[in-house]
Amino acid sequence: MLATTEAPIMAVVNQKGGVGKTTTAINLAAAMAEAGHHTLLVDLDPQANSSSGLGIDPARARRNVYHLLTGEVTTDQVIQATSRPGLFLIPSHIDLAGAEIELAALPDREHLLRHALASTPPGVELVLIDCPPSLGLLTLNALVAATSMLIPTQSEYFALEGLRHLMYTHQLIRSRLNPRLAIAGILMTQFDARTTLAWDVLDAVRRSHPHHLLETLIPRNVRLSEAPSHGKSVLEFDPTCRGAAAYRALAKELLER
Ligand SMILES: Nc1ncnc2c1ncn2[C@@H]1O[C@H](COP(=O)(O)OP(=O)(O)OP(=O)(O)O)[C@@H](O)[C@H]1O
Ligand SMILES: [Mg+2]
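Summary of the structure given here. Per chain, residues are indexed from 1 in the order of the written sequence. Following the order in which they are written, the chains are lettered starting with A and the ligands numbered starting with 1. With the structure being a predicted model, the display of local features is reserved for residues of pLDDT at least 70 and the display and counting of side-chain atom pairs for 80 or more, all residues being used for whole-chain, interface and lining totals.

Quick look at the overall build of the chain now. Secondary structure elements follow DSSP: runs of H or I of four or more residues count as helices, runs of E of two or more count as strands, with numbering from the N terminus. Check the secondary structure of the chain and you find 12 helices and eight strands. Against the 2.2 N^0.38 benchmark of 18 Å for 257 residues, the chain shows a C-alpha radius of gyration of 17 Å, consistent with a compact globule. By principal-axis analysis of the C-alpha atoms, the chain measures approximately 50 × 40 × 35 Å. Each residue is classed by its C-beta neighbour count within 10 Å, where at least 20 other C-beta atoms makes it buried, 12 or fewer makes it exposed, and intermediate counts make it partly exposed; the C-beta atoms are placed from backbone geometry. Across the 257 residues that make up the chain, the buried fraction comes to 47%. Throughout, the radius of gyration refers to the C-alpha atoms, and the reference size of a globule is 2.2 Å times the residue count to the power 0.38.

Right, here's the structure in full:
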């Protein structure tokens, strides 16, 4: 791996549950790795879906992201290789849910992940953080550590309200805690081109956030929902399906941006 100075850190964030954060984190990371960019996925969600979705049993990850946050271990000590070359993972653990309360008592509690990722392992060119579905302390740590936010959004009626809240959060974090935090983009996920609602929501998001809406649309694709149970990204599980093509296109679009 080539030594790099400071890798961009992209937080995959939306306080709403089930919008495709984990699916995006896993498959974008895999697509970046496939394009030759060594990528580290940090699983910051106590549900540990990114960990199990990449074939790593979170119950057995003795050292995990919690120990990284408390400073007990460095990234080098907690990083794991995955079955895909160039794709690395820092696993989560179910206990992280309770640990959030402990972390709240630590001084500098919003900056724990930023300090931990200050020493990104050499060769890592991009760090992705899979966030939990809330704007609690864990997500706050992600937003303080990150250089940008990637916002997966479902094409549904409440999408715009959620986006308004996230944009407000973005401004708040920029002014108080992390002035370098940019918006990597708003990503429409589980897009069903057969429904009028999907196109209407897309239109509305384009009108209200013209500079942030990404061109790539992630289609609803059953292969994307099947891949995690095989412990693989969709790029390995079914490299030619529409979901795999969409995440490759997303990687390309973000690299060009
Ligand atoms: N494009 C898609 N096509 C079909 N199914 C999808 C797609 N994206 C996500 N899913 C499925 O939708 C569900 C929610 O997706 P995912 O776990 O990625 O969301 P999330 O935002 O990480 O959820 P949480 O907020 O609970 O962490 C999962 O079962 C996933 O397999
Ligand atoms: Mg998730």
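A word on the site of ligand 1. Only the C-beta atom matters for nearness: placed from the backbone, it must lie within 6 Å of the molecule or strand for the residue to count as near. Looking at ligand 1, there are 19 residues lining it, with K21, T22, T23, P133 and S225 nearest. Residue assignment for the shell around ligand 1 shows that the elements contributing at least two residues are α1 (21-34), β7 (182-191) and α10 (222-226). Per element, the largest residue contribution to the shell around ligand 1 is three residues, and it comes from α1. Residues belonging to the shell around ligand 1 are distributed by class as follows: four nonpolar, 12 polar and three charged. For this scheme, ten residues count as nonpolar: Ala, Val, Leu, Ile, Met, Phe, Trp, Tyr, Cys and Pro. Four count as charged, namely Asp, Glu, Lys and Arg, and the remainder, Gly too, count as polar.

Glancing now at the nonpolar core. Each nonpolar core reported here comprises buried Ala, Val, Leu, Ile, Met, Phe, Trp, Tyr and Cys residues connected via C-beta atoms within 7 Å. The biggest cluster of nonpolar side chains holds 75 residues, and the ones touching the most others in it are A11, A29, V127, L128, I129, A142 and A146. Per-element accounting of this core gives the leading share, eight residues, to α1. The contact partners of A11, leaving out residues within four places of it in the chain, are I129, C131, A142, L143, A146 and M149. By the convention adopted here, residues are in contact when the distance between their C-beta atoms, placed from the backbone, does not exceed 7 Å.

Before going further, it helps to spend a moment on unusual backbone geometry. A positive phi angle, near 55 degrees, is found at A48, a position not held by glycine. Mapped onto the secondary structure, A48 falls in the loop between β2 (39-43) and α2 (49-53). The backbone of Q190 shows a phi angle near 45 degrees, a positive value even though the residue is not glycine. Structurally, Q190 is set in strand β7.

Attention now moves to the packing of α1 against helix α12 (residues 242-256). Running from amino to carboxyl end, α1 crosses α12 at an angle of 65 degrees, the nearest separation of the two axes being 8 Å. By the angle between their axes, α1 is roughly perpendicular relative to α12. In terms of crossing hand, the pair formed by α1 and α12 is right-handed. Residues N27, L28, A31 and M32 of α1 touch α12, and the partners they reach there are Y247, R248, L250 and A251. Among the residues making up the contact of α1 with α12, the classes are represented as six nonpolar, one polar and one charged. Where helices are involved, their axes are fitted lines through C-alpha atoms of the stretch in contact, as for all axes, and angles between N-to-C directions lie from 0 to 180°. Small angles under 35 degrees read as roughly parallel and large ones over 145 as roughly antiparallel, with 65 to 115 read as roughly perpendicular and the rest as oblique. Left-handed describes a crossing whose near helix is turned anticlockwise from the far helix through less than a right angle; right-handed describes the clockwise counterpart.

A sheet is described by the order of its strands in space; here eight strands give the open sequence β3-β4-β2-β5-β1-β6-β7-β8, paired in mixed fashion. Edge positions in the sheet fall to β3 (80-81) and β8 (213-219), since each has one partner strand and no second. Relative to strand β5 (residues 126-130), β2 runs parallel, the two being bridged by five bridges. Looking at the pairing, T39 lines up with L126 of β5. Sheet strands touched by α1: β1 (9-12), β2, β4 (87-90), β5, β6 (148-154) and β7. Its angle to β5, the strand with the most contacts, is close to 165 degrees. Any two strands between which DSSP finds at least two bridges are classified as paired.

Attention now goes to the pairing of β1. Here β1 shows no split at all, with I9 and A11 on one side and M10 and V12 on the other all buried. When β1 meets β6, the two strands line up parallel, connected through three bridges. Considered in β6, the bridge of V12 is made with L150.

For helix α7 (residues 137-145), the tally of buried residues reaches eight of nine residues, placing the bulk of the element in the interior. Among the residues of α7, L138, T139, L140, N141, A142, L143, V144 and A145 are the ones counted as buried. Check the buried side of α7 and you find it contacts β1, α5 (96-104), α6 (112-117), β5, β6 and α8 (159-176).

This paragraph deals with the packing of α8 against helix α9 (residues 196-208). Two quantities define a packed helix pair, namely the angle between the axes and the distance from one axis to the other. Following both chains from N to C, one finds α8 and α9 inclined at 25 degrees, their axes separated by 10 Å at the closest point. With respect to their mutual orientation, α8 and α9 come out roughly parallel. In this structure, α8 crosses over α9, and the sense of that crossing is right-handed. Contacts from A159, L160 and L163 in α8 reach V201, A204, V205 and S208 in α9.

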